[in-house]
Amino acid sequence: MSRIDETKQFIPVRIAVLTVSDTRSLAEDRSGDTLVQRLTEAGHDLAARAICTDDRDKIAAQLRAWIADSGIDVILSTGGTGLTGRDVTVEAHRDVYEKEIEAFGTVFTIVSMKKIGTSAVQSRATGGVAGGTYLFALPGSTGACKDAWDEILAFQLDYRHRPCNFVEIFPRLDEHQRRK
């Protein structure tokens, strides 16, 4: 069972939040606000925040820019994970992933099933790694952002979480690039 090992020191992670929307501004971005509130309350640092339209190339460009920024460890995007024609966030994420974290979408679906039943099947939440940076594409609803953070990311982005977590393997994410 998961647990927090209080004998270990908390390590803050630098997280960027990207909202994908054709209609929202920062003033109306409740899902982005939810993620910012939760990550800062957990003790992490907000490294960057932006809004991007539902355009695959623009989303991928923003992700790549943040991946190249050594001051960003994790990117959380919200919005554009559904099934409609404008929902291209998942494709943009997959354009930049070096490795996909397939189980993230599965675990997110399990969490969602408990809250919204079979409607969870409509989400294409995804996670991956690129350039030593974790990326997670979350649905645009505040409820889905809360669920992803509270049930998955709050634990996996906490170095003290046992039996394992994403933070403890940061140093090894790009080890293939250091081999001679």
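Before any of the text, the structure's been laid out above.
Cut-offs and rules
Residues numbered from 1 in each chain as written. Predicted model: local features only at pLDDT ≥ 70, side-chain atom pairs only at ≥ 80, totals over all residues. Heavy atoms only, no water. Pairing = 2+ DSSP bridges. Helix = DSSP H or I, 4+ residues; strand = E, 2+ residues; numbered from the N terminus. Contact = heavy atoms within 4.5 Å. Axes fitted to C-alpha atoms, helices over the stretch in contact; angles between N-to-C directions. Core = buried A, V, L, I, M, F, W, Y, C linked by side-chain atoms within 4.5 Å. Buried < 20%, exposed > 50% of the residue type's maximum accessible area, 1.4 Å probe, protein only. Expected span 1.5 Å × (residues − 1). Arc of directions from axis to C-beta. Phe/Tyr/Trp six-rings, centres within 6.5 Å; stacked < 30°, edge-to-face > 60°. Parallel < 35°, antiparallel > 145°, perpendicular 65-115°, else oblique. Left-handed = near helix turned anticlockwise from the far one by under 90°. Nonpolar A, V, L, I, M, F, W, Y, C, P; charged D, E, K, R; others polar.

Caption draft 1: Highlighting the sheet that holds strand β7 (residues 133-138). With mixed pairing, the six strands of this open sheet are ordered in space as β3-β2-β4-β7-β6-β5. Strand pairing shows two members of the sheet lacking a second neighbour, β3 (45-52) and β5 (99-100), which therefore form its edges. Of the strand pairs in this sheet, strand β2 (residues 14-20) and strand β4 (residues 74-78) are connected by five bridges, and their pairing is parallel. Considered in β4, the bridge of V17 is made with L76. Along the sheet, helix α1 (residues 30-41) contacts β2, β3, β4 and β7; its crossing angle with β3, the most-contacted strand, is approximately 175°. Packed onto the sheet, helix α3 (residues 89-96) meets β2, β4, β5, β6 (126-130) and β7 and runs at close to 165° relative to β7.

Caption draft 2: Quick look at the nonpolar core. Membership of the largest hydrophobic core comes to 28 residues, with the highest contact counts inside it found for I15, V74, L76, F104, Y134, F136 and L153. Those elements giving two or more residues to this core turn out to be β2, α1, β4, α4 (102-116), β7 and α5 (142-156). With six residues, the top contributor of residues to this core is α5. By size, the runner-up hydrophobic cluster in this structure holds 19 residues, among which are A16, A50, W66 and V96.

Caption draft 3: Main features of α4. With 15 residues, α4 should cover 21 Å at 1.5 Å per step; its first-to-last C-alpha distance of 21 Å lies within 8% of that length. Where α4 is concerned, the buried positions are F104, G105, F108, V111 and S112. What you see down the axis of α4 is that its buried residues fit within an arc of 130°, all on one side. In α4, those exposed residues whose orientation departs by more than 90 degrees from the buried face are E102 and K114. Of the surrounding elements, those touching the buried residues of α4 are β6, β7 and α5.

Caption draft 4: Broad picture of the packing of aromatic side chains. According to the stated counting rule, one finds five aromatic pairs in the structure shown. Ring geometry for F136 and F166: centres 5.7 Å apart, planes at 35°, overall tilted. You can see F136 sitting in strand β7 and its partner F166 sitting in the loop between β8 (161-162) and α6 (175-178), a full 30 residues away along the chain. Considered together, F136 and F166 belong to a single accessibility category, that of buried residues. Ring pairs connect the aromatic residues F104, Y134, F136, F166 and F170, which therefore count as one cluster.

Caption draft 5: View of the packing of α1 against α5. For the pair α1 and α5, the least separation of the axes is 8 Å and the interaxial angle reads 25°. As judged from the angle between their axes, α1 and α5 are roughly parallel. Viewed along their axes, α1 and α5 form a crossing whose handedness is right-handed. For the pair formed by α1 and α5, the contact residues are R30, S31, T34, L35, R38 and L39 on the first element and T142, C145, K146, W149 and D150 on the second. Considering only residue class, the contact of α1 with α5 consists of four nonpolar, three polar and four charged.

Function-wise, these values are silent; they only describe arrangement.
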